[in-house]
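The lines below spell out each chain.
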Amino acid sequence: MPRAVPERDAACAVAQAAAVVGDWWSLLIVRETARGRHRFDELQRELDISRKVLTERLNHLVDSKVLEKVPYQRGPVRYEYRLTETGRALLPVLVSMQDWADRWLLGDGTLSGTADEHSAEAQRVHELVGERLARFTLPVHSGGDLDPVDGRSAATVLFCYPATGRPSPLPDDWDTIPGAVGCTLENRLFRDAYGDFTAAGVAVRGVSTQRPDEQRVFAAAEELPFPLLSDMDSRLSAALRLPTFRAGQGLRLKRAVLVLDRERTVRHVQYPVTDIPAAVTTALREASALSG
């Protein structure tokens, strides 16, 4: 069971946070609810956890206001467990932990915006094929919020990129980080091929962790016809366990291309992306195949 905070650490925020989510199972429950698994049986099956332990941890997270119980059935009443605003605020912490482990535990400690194709990180991303993206919205550069998946289109291409240099300058030594360079080129290539995507009934969305106002300036300057989504709160990163790297005191998405169908299922993944023009061509081919 989660431990109470000793009196000597009552004013320590780290100790207070650890008392809520410092337990192995509690963190994994937050991970799974971020991925869209909200029901008791789903969580038990995914985590291979005993019913007793799962019940204890869920009650603790509800009491701590990380999760809330939402009824989805009456007679008898059954509940789903969904992240609260407090719980969603934990997602950047969760993604930071993943980023740290990818670099220092599963990797060799090298700062990189890409990965070896045989790495555990690449394997995790490719295992997304067949996974269904949870339903939520992200801030969009043009204002408001937008679903990452366009349900009106037969397929949606999500291309994740680290950051563009407009309007804010990129961090020092950006061009020395493997995989970081090429974001403007990637956006331009998707822009130039946008007519082919729309003709095939395919939606395109770019995603980065930059703020919507920064994306707005870039989209206007480059005359982008597709929306740019901001994952500044790590909602998409946590839902799909997307790879990141830390540069300029912020988490950046590593370059990846995903194709999803209208049922929100990931049908194709490109990661790592080492040839950007080829990745755009492949995305068009794979997404067009879904539109028949």
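The text that follows walks through the structure, step by step, so that each part is easy to find.

Conventions adopted
- Residues numbered from 1 in each chain as written.
- Predicted model: local features only at pLDDT ≥ 70, side-chain atom pairs only at ≥ 80, totals over all residues.
- Heavy atoms only, no water.
- Helix = DSSP H or I, 4+ residues; strand = E, 2+ residues; numbered from the N terminus.
- Buried < 20%, exposed > 50% of the residue type's maximum accessible area, 1.4 Å probe, protein only.
- Contact = heavy atoms within 4.5 Å.
- Lys, Arg positive; Asp, Glu negative; His and termini not counted.
- Charge placed at Lys NZ, Arg CZ, Asp CG, Glu CD.
- Pairing = 2+ DSSP bridges.
- Axes fitted to C-alpha atoms, helices over the stretch in contact; angles between N-to-C directions.
- Arc of directions from axis to C-beta.
- 1 Å grid on protein atoms, 1.4 Å probe; cavity = no way out; pocket = protein on both sides within 12 Å on 5 of 7 lines; lining within 4 Å.
- Points joined across faces, edges and corners; volume = space filled by probe spheres on them.
- Nonpolar A, V, L, I, M, F, W, Y, C, P; charged D, E, K, R; others polar.
- Core = buried A, V, L, I, M, F, W, Y, C linked by side-chain atoms within 4.5 Å.

### Structural notes on the overall build of the chain
Scanning the chain for helices and strands turns up 12 helices and 11 strands. The buried share of the chain, taken over its 292 residues, is 49%. Expressed as a percentage of contacts within the chain between residues at least 6 apart in sequence, the contacts between residues at least 24 apart total 63%. Here the chain carries 37 positive and 40 negative side-chain charges, and the mean point of each set is 6 Å from the other.

### With respect to the sheet that holds strand β6 (residues 202-208)
In space, the five strands of this open sheet follow the order β7-β6-β5-β10-β11, with mixed pairing throughout. Strands with a single pairing partner mark the edges of an open sheet, and in this sheet they are β7 (228-230) and β11 (266-270). If you compare each strand with its neighbour and ignore which way they point, the axes differ by 25° on average. In this sheet, β11 lies alongside strand β10 (residues 256-261) in antiparallel orientation, the contact comprising four bridges. Residue pairing across strands places Val259 opposite His268, the latter belonging to β11. Across the face of the sheet, helix α10 (residues 212-222) comes into contact with β6 and β7 while running at roughly 165° to β7. The sheet contacts of helix α12 (residues 276-290) involve β5 (155-160), β6, β10 and β11, and relative to β10 the element is tilted by about 10°.

### Some thoughts on unusual backbone geometry
At the junction of Arg166 and Pro167, the peptide bond is cis and its omega measures out at 10° in the coordinates. Looking along the chain, the bond that leaves Tyr271 and enters Pro272 is cis, with omega of -5°. By the secondary structure assignment, Pro272 is in the loop between β11 and α12. At Ser234, a residue that is not glycine, the phi angle is positive and equals roughly 65°.

### Here's the deal with helix α3 (residues 40-47)
Considered for burial, the residues of α3 that qualify are Phe40, Leu43 and Leu47. For α3, the angular spread of buried residues about the axis comes to 70°, placing them on one side. The first or second residue beyond α3 is Asp48, which carries a positive phi of 55°.

### Quick word on empty space enclosed by the protein
The full count for this structure, using the stated rule, is one cavity of 30 Å³ or more. Looking at the largest cavity, its volume works out to about 40 Å³. As for the largest cavity, its lining consists of Arg35, Leu128, Glu131, Arg132, Leu133, Ala239 and Leu240. When its residues are assigned to classes, the lining of the largest cavity shows four nonpolar, no polar and three charged.

### A closer look at the nonpolar core
In terms of nonpolar packing, the biggest core is built from 25 residues, with Leu128, Leu133, Leu236, Leu242 and Leu258 touching the most fellow members. In contact with Leu242, not counting residues within four places along its chain, are Gln98, Arg124, Leu128, Cys160, Leu236, Ser237, Leu253 and Leu258. Ala155, Tyr161, Leu228 and Ile276 belong to the second largest nonpolar core, which has 24 residues in total.

### Overview of the side chain of Ser234
Of note, Ser234 is situated in the loop between β7 and α11 (235-240). A relative accessible area of 6% places Ser234 in the buried class. The contacts of Ser234, once residues within four sequence positions are left out, are Leu91, Pro92 and Val95.

### Remarks on the pairing of β5
Of all six residues in β5, six are buried, a share of seventy percent or more. Neither face of β5 is open: one carries Ala155, Val157 and Phe159, the other Thr156, Leu158 and Cys160, and all of them are buried. Both β5 and β6 contribute to a ladder of six bridges, which runs parallel. Looking at the pairing, Phe159 lines up with Gly206 of β6. Alignment of β5 against β10, held across six bridges, turns out to be antiparallel.

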